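Residues per chain are reported as follows:
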Amino acid sequence: MQARHLRFARYSSAMPRPIQALIHPDALRHNVAVLRQSAPDARLWAVVKANAYGHGIEQVFSGLTGADGFALLDIEEARRVRALGWRGPILLLEGAFELRDLEACSRLDLWHTVHCEAQIDMLAAHKTHVPQRVFLKINSGMNRLGFAPHQARAAWTRLNALPQVDEISLMTHFSDADGPIGIVAQAQAFQRATSDLPGERCLSNSAAVLRQALHARQSRQSLPASDWVRTGIALYGGAPDFGQADASDTSLQAAMSLRSKVIATQQPQAGDTVGYGSSFVAQGPMRIGIVCCGYADGYPRSCDTGTPVLVDGQPSRTIGRVSMDMLAVDLTGLAGSGQGSEVTLWGYASSGALLPIDAVAQAGGTIAYELMCALAARVPVVADAALPQAR
Ligand SMILES: *Cc1c(COP(=O)(O)O)cnc(C)c1O
């Protein structure tokens with residue numbers, strides 16, 4: 001299989017640094033299937049905002065064409081999805097920011113969210129002969145975007161009267177789908193606000209889909225059905241419920257592996273320190289590897305000593321502070337490891353061993369979403385990377 005070093009193709013004579021982000025379309029396809037099983041009656045939006053959660057829209061597209069549509073925020077990203085040949089639905093999750101965005105919606109055939117009166121005013125002012133499909137957003141408790149429940153009916157009535165508007169769907173977004181508060185109260189608030197309004201319903205994000213699948217198995221508790229679900233993180237193999245569950249519980253597969261190499265080794269003795277600020281002090285003789293990956297690659301600086309890594313597929317940990325271009329890992333006791341060893345920062349090692357990105361995020365006090373999105377532009381991306389076979 002030929003690896004495509006997309007961003008470095010122009011400099012074919014120069015060797016890039018050994019760090020690479022590998023994108024696994026088979027994992028994306030697998031995760032689409034898992035989510036379809038979890039929400040068998042719903043259509044599936046593949047959420048590809050923020051450049052497909054850092055994976056790259058062009059790199060994930062082939063793995064996500066089994067979804068029913070693509071949801072994102074940015075008209076330029078919508079244009080890229082159309083340029084890849086997608087003729088199905090595309091939804092702008094925050095809708096139009098200004099009137100000319102609605103012209104782009106007409107030109108690119110985009111569906112869009114309507115979350116405030118100003119967006120209805122824009123629609124009323126939009127000159128088009130082809131009415132647009134809109135998703136009316138209700139604020140069921142997140143208090144970010146959307147009409148208050150008591151305004152839902154008036155907003156729907158106003159939209160419904162506009163010749164610029166075609167079908168109206170109803171949407172809300174949960175604030176606590178991956179936490180102890182859960183989704184029941186918000187789902188009920190949404191249902192009360194919209195019970196007498198026609199139109200398709202679009203409620204669940206990844207956490208809500210996986211949670212509802214679990215509920216349905218455990219308690220038969222019935223929550224309002226989604227005609228559409230909007231899944232992001234789970235497509236990429238992140239576990240929305242990390243802490244209570246991890247990705248292996250949901251059989252999701254990692255869509256990205258971040259790998260680098262040991263480019264130097266050191267043998268600190270007891271009392272020696274490692275890295276900036278001397279935050280790590282060796283307790284005895286040890287062997288460490290210096291890895292070509294730093295915070296300028298998107299690896300979080302908050303991942304201090306003890307963050308899990310894989311060295312040649314074997315579990316190990318980071319040592320000391322992450323610097324801009326490098327970090328250190330513990331090689332003590334890892335037979336055969338040294339200069340040139342493969343280091344997996346998250347995802348699959350070439351041996352097939354998995355380091356869940358959630359475990360790395362947890363060690364750094366953040367969430368997998370942030371790690372994925374922070375992947376830096378300087379990291380070469382290998383599209384179409386095969387999933388390694390576990391040995
Ligand atoms: C980002 C986003 C999603 C996807 O959420 P995940 O937790 O990644 O599944 C769904 N709906 C809206 C409105 C979003 O902004």
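Thresholds, definitions, all that
Residues numbered from 1 in each chain as written. Predicted model: local features only at pLDDT ≥ 70, side-chain atom pairs only at ≥ 80, totals over all residues. Heavy atoms only, no water. Axes fitted to C-alpha atoms, helices over the stretch in contact; angles between N-to-C directions. Helix = DSSP H or I, 4+ residues; strand = E, 2+ residues; numbered from the N terminus. Parallel < 35°, antiparallel > 145°, perpendicular 65-115°, else oblique. Contact = heavy atoms within 4.5 Å. Nonpolar A, V, L, I, M, F, W, Y, C, P; charged D, E, K, R; others polar. Buried < 20%, exposed > 50% of the residue type's maximum accessible area, 1.4 Å probe, protein only. Domains from an automatic or database assignment. Buried area = accessible area lost by both parts, 1.4 Å probe. Core = buried A, V, L, I, M, F, W, Y, C linked by side-chain atoms within 4.5 Å. Near = heavy atom within 4 Å. Polar contact = N/O pair within 3.5 Å; in protein donor to acceptor, adjacent residues only side chain to side chain.

As for the packing of helix α4 (residues 75–83) against helix α5 (residues 99–108)
Item 1. Interaxial distance between α4 and α5 falls to 11 Å at its minimum, and their mutual angle equals 10°. Accordingly, the angle class assigned to the pair α4 and α5 is roughly parallel. Together, I75, R79 and R82 of α4 and D101, A104 and L108 of α5 make up the contact between the two elements.
Item 2. Looking at side-chain class alone, the contact of α4 with α5 contains 3 nonpolar, no polar and 3 charged residues.

Looking at the packing of helix α6 (residues 117–125) against helix α7 (residues 152–160)
Item 1. Direction vectors running N to C along α6 and α7 enclose 10°, while the axes themselves pass 10 Å from each other. As the angle between them shows, α6 and α7 are arranged roughly parallel. Of the residues in α7, those in contact with E117, I120, D121 and L123 of α6 are A155, R158 and L159.
Item 2. Within the contact of α6 with α7, the residues separate by chemical class into 4 nonpolar, no polar and 3 charged.

Quick notes on the side chain of R259
Item 1. Of note, R259 is situated in strand β11 (residues 256–266).
Item 2. Of the residues examined, R259 reaches a relative accessible area of 13% and is grouped as buried.
Item 3. Ignoring any residue separated from it by four or fewer positions in sequence, one finds R259 in contact with P18, I19, Q20, L22, E342, V343, T344, L345, Y348, A349, S350 and P388.

What about the domain arrangement of the protein?
By convention, interface size is frequently given as the accessible area that disappears when the constituent parts associate.
Item 1. For the protein, the assigned domains read domain 1 (25–241) and domain 2 (256–382).
Item 2. A straight line from the C-alpha centre of domain 1 to that of domain 2 covers 36 Å.
Item 3. Across the boundary between the two partners, domain 1 contributes 11 residues, which contact 8 residues of domain 2.
Item 4. Of the roughly 840 Å² buried at the junction of domain 1 and domain 2 (both faces included), carbon and sulfur atoms supply 68%.

Brief notes about the nonpolar core
Item 1. Counting 107 residues, the largest nonpolar core has L64, L136, L159, Y236, L258 and Y299 as its most contacted members.
Item 2. The residues touching L64, leaving out its near neighbours within four places in the chain, are L28, V32, A46, V48, F70, L235 and Y236.
Item 3. Listed in part, the 8 residues of the second largest apolar core include F280, I290, I319 and A328.

Things to note about the site of the ligand
Item 1. The environment of the ligand is formed by V47, K49, Y53, K137, H173, N205, S206, R230, T231, G232, I233 and Y369.
Item 2. Backbone polar atom of I233 to an oxygen atom of the ligand: 2.8 Å apart, as the coordinates give it.
Item 3. Breaking the shell around the ligand down by element, the ones donating at least two residues are α2 (49–53) and β10 (228–231).
Item 4. Split into classes, the residues belonging to the shell around the ligand amount to 4 nonpolar, 5 polar and 3 charged.

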